[in-house]
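# Coordinate analysis (summary)
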Amino acid sequence: MELRVDGKRVFAGDGGRPFKPEQPTVLFIHGAGFDRTVWTLQARYFAHHGRNVVALDLPGHGRSEGPPLPSIAELAAWVARVIAGLGVERAALVGHSMGGLVALEAAASYPERVWALALLGVSESMRVHPALLAAATAREHSAAELVVDWGLGRRAHLGGYRAPGVWMTGAGLRVIEGNIGALGIDLAACNAYAGAPAAADKVRCPTLILAGADDRMTPLAGANALVKRINGARLVAIPASGHMMMIEQPDATLVALAQVV
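The structure contained in this document is the topic of the report that follows. (Residues numbered from 1 in each chain as written. Predicted model: local features only at pLDDT ≥ 70, side-chain atom pairs only at ≥ 80, totals over all residues. Heavy atoms only, no water.)

### Points about the overall build of the protein
Counting its regular elements, the protein contains 11 helices and 8 strands. At 16 Å, the protein has a C-alpha radius of gyration in line with the 18 Å of a compact globule built from 261 residues. The C-alpha extent of the protein, read off along each of the three principal axes, is 45 × 40 × 40 Å. For the protein, the residues scored as buried account for 55% of the 261 residues in total. The long-range share in the protein, meaning contacts at least 24 apart out of those at least 6 apart in sequence, stands at 76%. Summed over all atoms, the accessible surface of the protein reaches about 10800 Å², with 55% contributed by carbon and sulfur. (Helix = DSSP H or I, 4+ residues; strand = E, 2+ residues; numbered from the N terminus. Rg over C-alpha atoms; globule rule 2.2 N^0.38 Å. Buried < 20%, exposed > 50% of the residue type's maximum accessible area, 1.4 Å probe, protein only. Contact = heavy atoms within 4.5 Å. Areas by Shrake-Rupley, 256 points an atom, 1.4 Å probe, with all protein chains shown as cover.)

### Some points on unusual backbone geometry
Residue Pro 67 is reached from Gly 66 by a cis peptide bond, and omega for that bond is 5 degrees. Its place among the elements puts Pro 67 in the loop between strand S4 (52–56) and helix H2 (72–85). Here Ser 97, not a glycine, exhibits a phi torsion of approximately 55 degrees, which is positive. Within the fold, Ser 97 resides in the loop between strand S5 (91–96) and helix H3 (98–109).

### Re the nonpolar core
Judged by nonpolar contacts, the single largest core of 95 residues is most densely connected at Leu 27, Leu 93 and Leu 104. Per-element tally for this core: the top contributor is H3, with 8 residues. (Core = buried A, V, L, I, M, F, W, Y, C linked by side-chain atoms within 4.5 Å.)

### Things to note about the packing of aromatic side chains
Each aromatic ring pair is characterised by the separation of its centres together with the angle its planes make. Inspection of every chain in the model, using the stated rule, returns 3 aromatic pairs. With centroids separated by 6.2 Å and ring planes inclined at 45 degrees, the aromatic side chains of Phe 28 and Phe 46 adopt a geometry described as tilted. Here Phe 28, found in strand S3 (residues 25–29), pairs with Phe 46, found in helix H1 (residues 40–47); they are 18 residues apart in sequence, far enough to count as distant. Grouping residues by exposure puts Phe 28 and Phe 46 together as buried. With a centroid separation of 5.4 Å and an interplanar angle of 85 degrees, the aromatic rings of Tyr 45 and Phe 46 are classed as edge-to-face. Here the aromatic residues Phe 28, Trp 39, Tyr 45 and Phe 46 are joined through ring pairs into a cluster of three or more. (Phe/Tyr/Trp six-rings, centres within 6.5 Å; stacked < 30°, edge-to-face > 60°.)

### Describing the sheet that holds strand S8 (residues 234–238)
Spatial ordering of the open sheet is given by S1-S2-S4-S3-S5-S6-S7-S8, a layout of 8 strands whose pairing is mixed. Looking at the sheet topology across the chains shown, the edges are occupied by strand S1 (2–5) and S8. Averaged over all neighbouring strand pairs, the angle between strand axes comes to 25 degrees, with direction disregarded. Where S1 lies against strand S2 (residues 8–13), 4 bridges are found, and the strand directions are antiparallel. Residue pairing in the sheet places Leu 3 in a bridge with Val 10 of S2. (Pairing = 2+ DSSP bridges. Axes fitted to C-alpha atoms, helices over the stretch in contact; angles between N-to-C directions.)

This is the structure in structure tokens:
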């Protein structure tokens, strides 16, 4: 599906079902250097089970017009405008990594727009190693390699994807290569964002935090610290998963998400 926000084209996956304003709406927000395609399995399920699915390409990613937005606060405000542009009052937000920070900030800053929140692969602080940030800013291919290497859990490096013949490492690289111009901007936004604790204190909607037990980018301890700040939030740790749980362990991720959205 396509819509226009701030006069620019925004593309989103709909899970194969048309948008119906009378149904609950769920926005999926991808992480740094990625796009809507990381949500393919979850988006299709919810679209076929009574939800409007809007799996966003953030500005300057995938098929959405740029430029990429340089801060978490600007992305959160943009998400609020997307919800308004859809013609619905509220939406559930499902965000991964950088997208999780965006969803958290949006829920804190625009509570009237958010009815539920799911945060995957997030932490109180998401600082980025200076070498990775420099490589990503310079659009070096090594940055994409590092993100995929550390983003996938150790088990995923050996294969095991549910669809035969799909190589998770190679597929991840192809997606980031297509968004390499945005990767440095995205990582800089994560590195600069210090508002997660304050935002978490303000969240009042039902909230789920999903963490990969083998996540080397946002370890479980960081998710634990965040969940303690959100009133009534639940933490689910997914075994044998790294940072990319919706790809590495799609069934476990879906079961957890269905409890909140």
